[in-house]
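So you can see what is in the structure, the chains are spelled out below.
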Amino acid sequence: MNISHIANEPILDYRPGSGERRCLEKALDALRVRESQIPLVIGGQRKSGAGTRALHCPHDHANRLGMVAQADEQMTAAAVQAAVAAQAEWAATPFDERAAIFLRAAELLSGPWRQTLNAATMAGQSKTVHQAEIDSACELIDFLRFNVAFAERLQQLQPLSTNGALNRLDYRPLEGFVYAVTPFNFTAIGGNLPCAPALMGNTVVWKPAFAASLSNYLILELLEAAGLPPGVINFVPGDSAAVSAAVLRSPDFAGLHFTGSTAVFDGLWQQVAQNLPTYRAYPRLIGETGGKDFVLAHASAEPETLSVALLRGAFEYQGQKCSAASRAYIPASLWPRVKQCLLDALATVRMGDVSDFGMFMGALIDRKAYDRVMRYIDRASVQGSTVLAGGRGDDRIGYFVEPTVIEASDPKADTMREEIFGPVLSVYIYPDANWKEVLSLVDRTSPYSLTGAVFANDRQAINEAAASLRFAAGNFYVNDKPTGAVVGQQPFGGARRSGTNDKAGSMLNLQRWVSPRTVKETWVPARHYAYPSMGDAG
Ligand code: NAD
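Residues numbered from 1 in each chain as written. Predicted model: local features only at pLDDT ≥ 70, side-chain atom pairs only at ≥ 80, totals over all residues. Heavy atoms only, no water.

Enquirer: Would you explain the overall build of the protein chain in this entry?
Expert: When helices and strands are tallied, the protein chain shows 16 helices and 23 strands. Each principal axis of the C-alpha atoms in the protein chain carries an extent, and together these give about 90 × 65 × 45 Å. Within the span of the protein chain, comprising 538 residues, buried residues form 56% of the whole. If you sum the accessible surface of the protein chain, you get close to 22,300 Å²; carbon and sulfur atoms cover 52% of it. Side-chain charges in the protein chain split into 50 positive and 53 negative, and the spacing between the mean points of these groups amounts to 2 Å. (Helix = DSSP H or I, 4+ residues; strand = E, 2+ residues; numbered from the N terminus. Buried < 20%, exposed > 50% of the residue type's maximum accessible area, 1.4 Å probe, protein only. Areas by Shrake-Rupley, 256 points an atom, 1.4 Å probe, with all protein chains shown as cover. Lys, Arg positive; Asp, Glu negative; His and termini not counted. Charge placed at Lys NZ, Arg CZ, Asp CG, Glu CD.)

Rendered as structure tokens:
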């Protein structure tokens, strides 16, 4: 197989009157009239859970989208067994045949499945049409296609063979199954975390985030339509603690592919550590976690482009991107102009039901998120910060929080340090002369190191920021917002408390899902034990 021609999926623009827009509107209408039943899928069989949980639309919480089956420990143990049972055959399936399934899934998603998955992401996770398109269509298609190309390249990495012997690396999957635990905020991550290990020959137990159950179940159906054999990916929505306990006690647990909050990843890592002696092999632990992503402006930056980057970076998808700009450092000389541009633009931002394509923002994912974000906003004024824009919430119809800009007088205020995961941008204004001190402030204020951006026209300032902040972000942007990484172009992941930095959608990630075996075959084996240096003694 040679698929080196691979390119990123083009983003459709859904202009009024376009075919894609009509098709998406139809898919949204279909969701409105039909309640979805989301089962467990174990060994290819649909199973009802120990109970069900109602899934509601975040921007219209009276609207029930479906019922989600909930796995208990016993059902999860059955999913583990199914994954273990499917392992040998899947591991022995030639790479090209495995790859064909994921490439076919990409093609189906690019065509007939595109608007079904986009509609589920809009209704279930409250993404606007553009945010759904770049996530559940383009990014997931890119993951599916690029992973195949990267896997192919990885397997071409082979050792040297000499005249006397043939050496090769056999890219075996891990011995056991992989546990994929996925977040609510990207449908594409929901798909990528089980698919990347599966492409490399592993079988998977997949626990989706409850709020993303609708789109995530459709991904499983898409993979089945593309020919994924039963048992390769087993789908177990359910209580996180119960599902994880059943998975992590299996001796066949071989790896964790996680994206979500730092606290949850810490907890899973600790559970794994406790069970360590019972596992057949040292498990691979891959986790992409939280962020407190910065935008640092130098006095030479251009205020207009900076304010657009702040608005898009902080407020698209309601700030619920791990990469969202949530703290900004702006020099005093630039601030009046930046503030004016930002607040003027914010006054025109529309927020509401995302099935109205004119919306720039939808609702927060659930009640818990709404309460958390409102608590941060309310506390900010008590702690001496000033709310410059937004600040109000309205949870009567959906979990809406206005895009909020906070000016922090203390650069170590909570809103400058902690991940809020909502539409809140905290800004610290520094005296222009303190550029060097601010570099160190940006580096040391938060425990995370996911994304960050510097805005400057002065090349020396860009170089200083890139050098001082080398370890402050896994994805670093110059004169661009810190969100919107594209598979194949900006491999994504952060270090420090932001994760293990295994760069989703790259060869670096895929190599974590293989356990290579080195094979040496000698053509003419030795016929005597002695070496020439031993002279007659031999
Ligand atoms: P979360 O940590 O609440 O949930 C993530 C997953 O873990 C979900 O499937 C959830 O059900 C599960 N989970 C929750 N509690 C658990 C427990 N006790 N044991 C086992 N599993 C448990 O995160 P979320 O709200 O879905 O997503 C938001 C977080 O994800 C943010 O912190 C964000 O920064 C992070 N994130 C990071 C990246 C990245 O690439 N670094 C990407 C997306 C999201």
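Back to the write-up after that little detour.
Enquirer: Would you mind showing me how to read the pairing of strand E11 (residues 284-288) here?
Expert: Each regular strand displays side chains that alternate between the two surfaces of the sheet. When you tally the buried positions in E11, you get 4 out of 5 residues, the bulk of the element. Here strand E10 (residues 253-259) pairs with E11 via 5 bridges, running parallel. Within E11, the position partnered with Gly255 by the bridge is Arg284. Handedness of the crossover joining E10 and E11 through helix H9 (residues 262-275) is recorded here as right-handed. (Pairing = 2+ DSSP bridges. Right-handed = clockwise from strand over helix to strand, strands pointing away.)

Enquirer: I keep staring at the pattern of salt bridges and nothing clicks. Help me out?
Expert: Where side chains of opposite charge bring their charged atoms close, a pairing between them can arise. Scanning the entire structure with this criterion turns up 27 salt bridges. We note a salt bridge from Arg114 to Glu9, for which the minimum N-O separation is 2.6 Å. You can see Arg114 sitting in helix H4 (residues 114-125) and its partner Glu9 sitting in the segment before helix H1 (19-33), a full 105 residues away along the chain. A residue is classified by how much of its surface remains accessible, and Arg114, at 3% relative accessible area, is buried. The class for Glu9 is buried, based on a relative accessible area of 10%. (Salt bridge = Lys/Arg side-chain N within 4 Å of Asp/Glu carboxyl O.)

Enquirer: Is there a simple way to explain the side chain of Asn192 in this structure?
Expert: Relative to the helices and strands, Asn192 resides in helix H6 (residues 187-199). Among all residues touching Asn192, those that are not within four sequence positions of it are Leu140, Phe143, Asn147, Pro197, His257, Ala504 and Gly505. (Contact = heavy atoms within 4.5 Å.)

Enquirer: Please explain the side chain of Glu402 as it appears in this structure.
Expert: Mapped onto the secondary structure, Glu402 falls in the loop between strand E16 (400-401) and strand E17 (404-407). In this structure the side chain of Glu402 is engaged in a polar contact, spanning 2.8 Å, whose partner is the side chain of Arg392. In contact with Glu402, other than residues within four places in its own chain, are Met351, Gly390, Gly391, Arg392 and Pro423. (Polar contact = N/O pair within 3.5 Å; in protein donor to acceptor, adjacent residues only side chain to side chain.)

Enquirer: Honestly, the domain arrangement of the protein chain in this entry has me stumped. Any pointers?
Expert: Quite often, the size of an interface is put as the accessible area lost when its parts meet. Parsing the protein chain into structural domains produces domain 1 (19-53 + 63-289 + 499-519) and domain 2 (293-478). Relative to domain 2, the C-alpha centre of domain 1 lies at a distance of 32 Å. Taken together, the contact pairs 21 residues of domain 1 with 20 residues of domain 2. Summed over both partners, the interface of domain 1 with domain 2 buries about 1,700 Å², with 63% contributed by carbon and sulfur atoms. Put simply, domain 1 and domain 2 have 8 residue pairs in polar contact (both at pLDDT 80 or more) between them. Of all the elements in the fold, those that place two or more residues in the side of domain 1 that touches domain 2 are H1, H4 and helix H5 (129-155). (Domains from an automatic or database assignment. Buried area = accessible area lost by both parts, 1.4 Å probe.)

Enquirer: I'm lost on the environment of Pro208 in this one. Help?
Expert: Its place among the elements puts Pro208 in the loop between strand E8 (203-207) and helix H7 (213-225). The class for Pro208 is buried, based on a relative accessible area of 1%. Along the backbone, Pro208 and Gly238 are 30 residues apart, and their C-alpha atoms lie at a distance of 8.3 Å. Beyond its immediate chain neighbours, meaning those up to four positions away, Pro208 contacts Thr182, Asn216, Phe235, Val236 and Pro237.

Enquirer: Which parts of the structure should I look at to understand the site of the ligand?
Expert: Not every one of the 26 residues close to the ligand is listed here, only the nearest: Thr182, Lys207, Ser261, Thr289 and Glu419. Within the contact set of the ligand, an oxygen atom lies 2.6 Å away from a side-chain nitrogen or oxygen of Ser261. Coverage of the ligand by the protein amounts to 83% of the 840 Å² it exposes when considered alone. Contributions of two or more residues to the shell around the ligand are made by helix H8 (240-248), E10 and H9. Looking at side-chain class alone, the shell around the ligand contains 13 nonpolar, 10 polar and 3 charged residues. Both domains that meet at the shell around the ligand, namely domain 1 (19-53 + 63-289 + 499-519) and domain 2 (293-478), each give it at least three residues. (Near = heavy atom within 4 Å. Nonpolar A, V, L, I, M, F, W, Y, C, P; charged D, E, K, R; others polar.)

Enquirer: Can you walk me through the state of the cysteines in this structure?
Expert: Defined simply, a disulfide is a covalent bond joining two cysteines at their sulfur atoms. On inspection of all chains with the given rule, the structure shows 0 disulfides. The structure places no disulfide on Cys23, whose sulfur is separated from the nearest cysteine sulfur, that of Cys138, by 15 Å. Look at Cys23 and you get partly exposed, because its relative accessible area is 42%. Unpaired in terms of disulfides, Cys322 finds its nearest cysteine sulfur in Cys138, a separation of 18 Å. On the basis of relative accessibility, which here comes to 16%, the residue Cys322 falls in the buried class. (Disulfide = S-S within 2.5 Å.)

Enquirer: Where do I start with the sheet that holds strand E20 (residues 451-455) in this structure?
Expert: The pairing of strands in a sheet comes from backbone hydrogen bonds and takes either a parallel or an antiparallel form. Read across the sheet, 7 strands follow the order E14-E17-E18-E13-E12-E20-E21 without closing on themselves; strand pairing throughout is mixed. If you trace the sheet from one side to the other, it starts and ends with strand E14 (386-389) and strand E21 (475-478), each paired once. Averaged over all pairs of adjacent strands, the angle between strand axes in this sheet comes to 20°, irrespective of strand direction. As judged from the 4 bridges shared by strand E12 (residues 293-297) and E20, these two strands associate in the parallel manner. Bridged to Val295 within E20 is Ala453. Most of the contacts of helix H11 (residues 335-346) go to E14, to which it runs at about 60°, and overall it touches strand E13 (325-331), E14, E17 and strand E18 (424-430). (Axes fitted to C-alpha atoms, helices over the stretch in contact; angles between N-to-C directions.)

Enquirer: Whenever I open this one, the sheet that holds strand E4 (residues 51-57) confuses me. Can you help?
Expert: Pairing is mixed across the open sheet formed by 3 strands, whose spatial order is E1-E5-E4. A single partner strand is all that each edge strand has here, and the edge strands are strand E1 (36-38) and E4. Across the sheet, the axes of successive neighbouring strands diverge by a mean angle of 30°, strand direction being ignored. Two strands pair when backbone bridges link them, and E1 and strand E5 (residues 60-70) are joined in this way by 3 bridges, in the parallel orientation. Counted as the bridge partner of Gln37 is Met67 from E5. Sitting on the sheet, H7 touches E1, E4 and E5, and the angle it makes with E1 is about 70°.

Enquirer: What is the right way to look at the environment of Pro16 in this model?
Expert: For Pro16, the location among the structural elements is in the segment before H1. Judged by relative accessible area, which is 69%, Pro16 ranks as exposed. Along the primary structure Pro16 and Phe357 are separated by 341 residues, whereas in three dimensions their C-alpha atoms are 9.1 Å apart.

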